[in-house]
Amino acid sequence: MDFSLTPEQELFRKSAREFAQQELEPMAAILDKEHRPAIENLKKLGALGYLGMSISEEYGGIGADALSYAIVMEELSRACASTSTSVSVQNSLVNDVFNKFANDEQKQTYLPKLATGEFIGAFALSEPESGSDASAMKTTATLDGNEYIIKGSKMWITNAGFADVFIVTATTDAAAKHKGVSAFIVEKDTPGFTIGKEEDKLGIRGTSTCEIHFDNCRIPVSNRLSDEGMGFKIAMVTLNGGRIGIAAQALGIAQAAMDEAVKYSQEREAFGQKISNFQSIQFKLADMKAQIEGARLLVYKSAWKKDVGQDYSTDSAIAKLVAGELASQVADQALQIHGGYGYIRDYKVERLYRDARITRIYEGTSEIQKLVISRSMLG
Ligand code: CAA
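Every value quoted in this text rests on a predicted model; they were computed, and no experiment measured them.

Reading guide: rules and limits
Residues numbered from 1 in each chain as written. Predicted model: local features only at pLDDT ≥ 70, side-chain atom pairs only at ≥ 80, totals over all residues. Heavy atoms only, no water. Domains from an automatic or database assignment. Contact = heavy atoms within 4.5 Å. Buried area = accessible area lost by both parts, 1.4 Å probe. Polar contact = N/O pair within 3.5 Å; in protein donor to acceptor, adjacent residues only side chain to side chain. Helix = DSSP H or I, 4+ residues; strand = E, 2+ residues; numbered from the N terminus. Nonpolar A, V, L, I, M, F, W, Y, C, P; charged D, E, K, R; others polar. Near = heavy atom within 4 Å. Areas by Shrake-Rupley, 256 points an atom, 1.4 Å probe, with all protein chains shown as cover. Core = buried A, V, L, I, M, F, W, Y, C linked by side-chain atoms within 4.5 Å. Buried < 20%, exposed > 50% of the residue type's maximum accessible area, 1.4 Å probe, protein only. Pairing = 2+ DSSP bridges.

A. Structural context of the domain arrangement of the protein. Per the domain assignment, the segments making up the protein are domain 1 (7–119), domain 2 (122–229) and domain 3 (236–378). Of the residues lining the interface, 24 residues belong to domain 1; the matching set on domain 2 comes to 24 residues. Note on domain 1 versus domain 2: buried area summed over both sides is about 2,000 Å², and carbon and sulfur give 64% of it. In this structure, the connection of domain 1 to domain 2 is made through nine residue pairs in polar contact (both at pLDDT 80 or more). Elements that contribute at least two residues to the side of domain 1 that touches domain 2 include exactly α1 (7–34), α2 (39–48), α4 (81–101) and α5 (104–116). Top element by residues in the side of domain 1 that touches domain 2 is α4. It accounts for ten residues. The class makeup of the residues in the side of domain 1 that touches domain 2 is 16 nonpolar, five polar and three charged.

Now the structure itself:
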């Protein structure tokens, strides 16, 4: 078994780390404090190709493998989890839908723009009354001549405030339950489509999260992705991949929290010595390191399985479950090491503690990951 990264993967890590330290780190606390979406960061990332990592060169992307993408997500998340959230939605939940389920014309229209960041994408599955139970959606799409009329609302839509194109699931045949869900491409200026209120969140405050509304919103039949009834499958397959990105994000947040804890413990003095001399601190740091190394193997394994064409749906659920839970635990312990200083906004660990929390919720809660994992065991 060979655990080494290729020279290309090492280069992705080095470049993403340098970019994150120089460009993302200085802005992260400001975006968080001002609740300002990381649009400027995304423009820079788009110009460098990071928004088109999952798009092939044929369509203007850089065609990176899933492991390189996970490494980049980890590095960006160490500096700014808000920015990496948008990077993950673009690559995992939008580009990958087009890669796998769009026809040639749809690919030609959208992928080159998504690759450069000229278009930012969003993925609209959840609704006010259906999150984990995704197939219980109430949004409908009714065929009328050569158009669909979409009615309903979606909630928790990352990037919504500034996205140009939305992947939207809606029911075309309610009686068929999940087999009656279809997926559509909706552009932001489509009449009948409006963006609702911006959510005021605990963490990842440099992202935009809104409700979106469809009031007799008409889109051409040519905007349907794949066949009618394929929408739920599209969402599930897409989330299998998305969970690798969020697991990598959680890993990056955990790594950043541990880095902060190590640094602080070597600066802070108590009882006449550095607190890193105390075994109670050393054991906390050792636990963090051991858990992070374990989670990293799971994240990289799930990405590797995707790259070699093996079924990775259970692996990505395991990686997201473990890394997501770990990020909250490590951030909590890192904050504890900081004592009262960890509880104020002047210290990075306070933001990491809040940012970590979402990784146990979006793209499938920890409980949904357990459902996916246990179903793979029990059938
Ligand atoms: N991969 C591929 N196919 C899958 C799948 C998976 N992981 N999970 C289910 N399916 C398929 C099944 O094979 C089945 O297909 P057939 O009809 O062909 O047999 C079909 O989907 C229905 O499966 P189930 O009967 O298992 O469906 P269910 O209703 O019991 O629920 C679930 C399945 C796993 C709970 C699913 O609803 C789920 O994943 N829920 C969580 C949704 C989620 O992650 N939401 C996150 C929102 S997106 C987000 O956060 C984006 C953002 O902006 C950051």
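B. Local environment of the site of the ligand. Around the ligand, the surrounding shell holds 23 residues, and the nearest of these are Ser132, Thr158, His178, Lys179 and Arg375. In the environment of the ligand, a nitrogen atom lies 2.9 Å from a nitrogen or oxygen atom belonging to the side chain of Asn240. The side chain of Arg243 places a nitrogen or oxygen atom 2.9 Å from an oxygen atom of the ligand. Protein contacts shield 75% of the accessible area of the ligand, which totals 1,100 Å² for the unbound molecule. At the level of elements, β3 (147–158), α6 (231–267) and α10 (366–378) are the ones that each hand at least two residues to the shell around the ligand. Top contributing element to the shell around the ligand by residue count: α6, with six residues. Class assignment for the residues of the shell around the ligand results in ten nonpolar, eight polar and five charged. Taken domain by domain, the makeup of the shell around the ligand includes at least three residues from each of domain 2 (122–229) and domain 3 (236–378).

C. Representation of the nonpolar core in the model. Among the nonpolar cores identified, the biggest contains 83 residues, and Leu76, Phe166 and Val299 are the most heavily contacted of them. The dominant element in this core, judged by the number of residues it contributes, is α6, at 13 residues. Non-local contacts of Leu76, meaning those with residues more than four positions away in its chain, are made with Ala16, Phe19, Ala20, Leu24, Leu45, Ser84 and Val87. Counting residues in hydrophobic clusters, the runner-up holds 28 residues, among them Ala102, Leu111, Val165 and Phe232.

D. Examining the pairing of strand β1 (residues 121–124) more closely. Neither face of β1 is left uncovered, since the one carrying Gly121 and Phe123 and the one carrying Ala122 and Ala124 both have all their residues buried. Where β1 and strand β4 (residues 165–171) come together, four bridges link them in parallel fashion. Directly across from Phe123, in β4, lies its bridge partner Ile167.

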